[in-house]
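Breakdown of the fold
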Amino acid sequence: MEIGIDSFAAVAATQTGAEISSTESMAQLLERIEKADQSGLDVFGIGEHHRKEFLDSAPTLILAAAAARTHRIRLTSAVTVLSAADPVRVFQNFATLDLISKGRAEMVVGRGSFTEAFPLFGLNLQDYDALFSEKLDLLLKIRDNELVNWSGKFRPALRNQLIYPRPQQNPFPIWVGVGGTPQSFVRAGMLGLPLMVAVIGGETHRFRPLIDLYREAGQRAGHAPEKLKVGLHSIGYVANTTQDAIDDFYPGYAETFIRIGKERGWPPVRREHFEAQRGPLGALLIGGPEEVAEKISRHSEALGGISRLTFQMDNAGLSHTKLLQAIELIGKRVAPLVNQ
């Protein structure tokens, strides 16, 4: 199983919780990607948001900077909000990243869980799914064809259009990022694209019927089972001991989800809810290395086998030092235990 990190490039905090500058936050993020590479992790993903608390509105620029400082780790989006983007520019940006990184680039495309990109780029939120479906179709045509003929509803047609540059990898890896919508799982399966499932709450094993839908749709469409890879994006954090992990993570986690919950109408975060999520069936991967490795293996078995797991640690206001320590523990201790 590939093990990695996803980041939303959150504006960072000091050990005392004071916010630092965006410039320093970005420098620290690049240092963490370098640390992940050195620690033997397989992949590092950068999200895409258009909010004050995140610095990832141009993820390929961050990934390109990281490519110049790393050697083996794969660099991906997590996710590219394809509904609000031009697939031609998305492909060109990632093809360029692939050349810079010498074949280490990927993308995970999705519709995004935040909606700021739609008004920002003049799009109608009512077209949420139609935009994604059409733009994914165009992106795959561009990936698979140097010369493109295409027409759709939301973008001017392309007639005998050559699109460059071409990436080093052929085919270029494109994953589909999904939440909990059955149609999204089925679509990814029919297209034969690898699936990245974001599980940020609830009990992870409950996603098994949706993943079965994905695999069944892929097999009906004639795709080989080994092509239908499943990845898991989970909130998590690893410290030397379980108690250290809880003490470090819970205060910032509660503050963040209470704030976001006010936007979305979620109930307040309570400690007992956090502990249930941290328990054997819950989605949170928080604890010491052995405990977290065992939980990852249980999740994989419950979901019928997963190919990739990425930790998302940005939502707890952790200091740069704590995040570096967690990255090293995940790379040096968690990943080897999972893959024994």
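Up top you'll find the structure we're talking about.
In this report, we go over the structure that sits alongside the text. These numbers come from a predicted model, not from an experiment. (Residues numbered from 1 in each chain as written. Predicted model: local features only at pLDDT ≥ 70, side-chain atom pairs only at ≥ 80, totals over all residues. Heavy atoms only, no water.)

Once that is clear, we can look at the overall build of the protein chain. For the protein chain, the count of helices and strands is 11 helices and 12 strands. Along the first, second and third principal axes, the C-alpha set of the protein chain runs to 60 × 45 × 40 Å. In the protein chain, the share of contacts with a sequence separation of at least 24, taken over all contacts with a separation of at least 6, comes to 70%. Entry remark: accessible area of the protein chain is about 14700 Å², with carbon and sulfur atoms responsible for 52%. Counting 37 positive and 38 negative side-chain charges, the protein chain places the centres of these two groups 4 Å from one another. (Helix = DSSP H or I, 4+ residues; strand = E, 2+ residues; numbered from the N terminus. Contact = heavy atoms within 4.5 Å. Areas by Shrake-Rupley, 256 points an atom, 1.4 Å probe, with all protein chains shown as cover. Lys, Arg positive; Asp, Glu negative; His and termini not counted. Charge placed at Lys NZ, Arg CZ, Asp CG, Glu CD.)

Let's shift gears to the nonpolar core. The nonpolar side chains of a soluble globular protein tend to be buried, and buried together. Judged by nonpolar contacts, the single largest core of 89 residues is most densely connected at V197 and F311. For this core, the element with the highest residue contribution is helix α11 (residues 320-338), accounting for eight residues. If sequence neighbours within four positions are ignored, V197 has contacts with V178, G179, F185, F207, I211, V230, G231, L232 and H233. (Core = buried A, V, L, I, M, F, W, Y, C linked by side-chain atoms within 4.5 Å. Buried < 20%, exposed > 50% of the residue type's maximum accessible area, 1.4 Å probe, protein only.)

Using the criterion set out here, one finds eight aromatic pairs in the structure. When the ring of Y237 is compared with that of F249, the centres are 5.8 Å apart and the planes differ by 20 degrees; the resulting orientation is stacked. In this pair, Y237 is assigned in strand β10 (residues 230-238) and F249 in helix α8 (residues 242-264), connecting sequence segments 12 residues apart. Accessibility assignment for this pair places Y237 and F249 in one class, buried. Ring centres of Y253 and F274 lie 5.4 Å apart, and the angle between their planes is 55 degrees; on these two criteria the pair is classed as tilted. With Y253 in helix α8 and F274 in helix α9 (residues 271-278), this residue pair connects regions lying 21 residues apart in the sequence. By the ring-pair criterion, three or more aromatic residues cluster together here, those being Y237, F249, Y250, Y253, F257 and F274. Of note, R271 hangs over the ring of Y250, and the distance from its end group to the ring centre comes to 4.7 Å. (Phe/Tyr/Trp six-rings, centres within 6.5 Å; stacked < 30°, edge-to-face > 60°. Lys NZ or Arg CZ within 6 Å of the ring centre and 35° of its normal.)

Alternating positions in strand β3 (residues 74-77) separate into two faces, R74 and T76 on one and L75 and S77 on the other, with burial throughout. Note: strand β2 (residues 43-46) against β3, four bridges, orientation parallel. Residue pairing for β3: G45 is matched across the bridge by T76. (Pairing = 2+ DSSP bridges.)

Looking at where R215 falls in the secondary structure, it is placed in helix α7 (residues 208-220). Buried and without a salt bridge, R215 has D212 as its closest oppositely charged side chain, separated by 4.5 Å. Beyond its immediate sequence surroundings of up to four residues, R215 is in contact with L228, V230, L303, G304 and G305. (Salt bridge = Lys/Arg side-chain N within 4 Å of Asp/Glu carboxyl O.)

Further remarks concern the side chain of Q312. Within the fold, Q312 resides in strand β12 (residues 308-312). Given the relative accessible area of 2%, Q312 is considered buried. A polar side-chain atom of Q312 sits 2.8 Å from the main-chain amide nitrogen of D314. Excluding residues that lie within four positions of it along the chain, Q312 makes contacts with D6, F8, H233, S234, I235 and G236. (Polar contact = N/O pair within 3.5 Å; in protein donor to acceptor, adjacent residues only side chain to side chain.)

To continue, consider the environment of G202. Within the element layout of this structure, G202 appears in the loop between β9 (195-199) and α7. Among residues more than four places away in sequence, those in contact with G202 are Q277, L281, G282 and A283.

For α7, with 13 residues, the first-to-last C-alpha span of 18 Å sits near the 18 Å given by 1.5 Å per residue. Within the span of α7, buried status applies to L210, I211, Y214, R215, A217 and G218. Buried residues of α7 fall within an arc of 160 degrees about the axis and therefore sit on the same side. Those residues of α7 that are exposed and aimed more than 90 degrees away from the buried face are P209 and R220. Here the buried face of α7 lies against α6 (182-191), β9 and β10. (Expected span 1.5 Å × (residues − 1). Arc of directions from axis to C-beta.)

A few words now on the packing of helix α3 (residues 87-100) against helix α5 (residues 128-144). At a minimum axis separation of 9 Å, α3 and α5 run at an interaxial angle of 45 degrees. As judged from the angle between their axes, α3 and α5 are oblique. Read as a crossing pair, α3 and α5 show a hand that is right-handed. In this structure, α3 contributes P87, V88, V90 and F91 to the contact, and α5 contributes K135, L138, L139, I142 and R143. Split by residue class, the contact of α3 with α5 holds seven nonpolar, no polar and two charged. (Axes fitted to C-alpha atoms, helices over the stretch in contact; angles between N-to-C directions. Parallel < 35°, antiparallel > 145°, perpendicular 65-115°, else oblique. Left-handed = near helix turned anticlockwise from the far one by under 90°. Nonpolar A, V, L, I, M, F, W, Y, C, P; charged D, E, K, R; others polar.)

Attention shifts here to a nonpolar patch on the surface. Together, L147, L162 and Y164 give the surface a local cluster of nonpolar side chains, amounting to about 280 Å² of exposed area. Looking at the secondary structure, you find L162 in strand β7 (residues 158-162). (Patch = residues over 30% accessible without salt bridge, like charges linked within 9 Å, V, L, I, M, F, W, Y side chains within 5 Å.)

Note that every value here comes from positions in space, so none of it alone points to a role or purpose.
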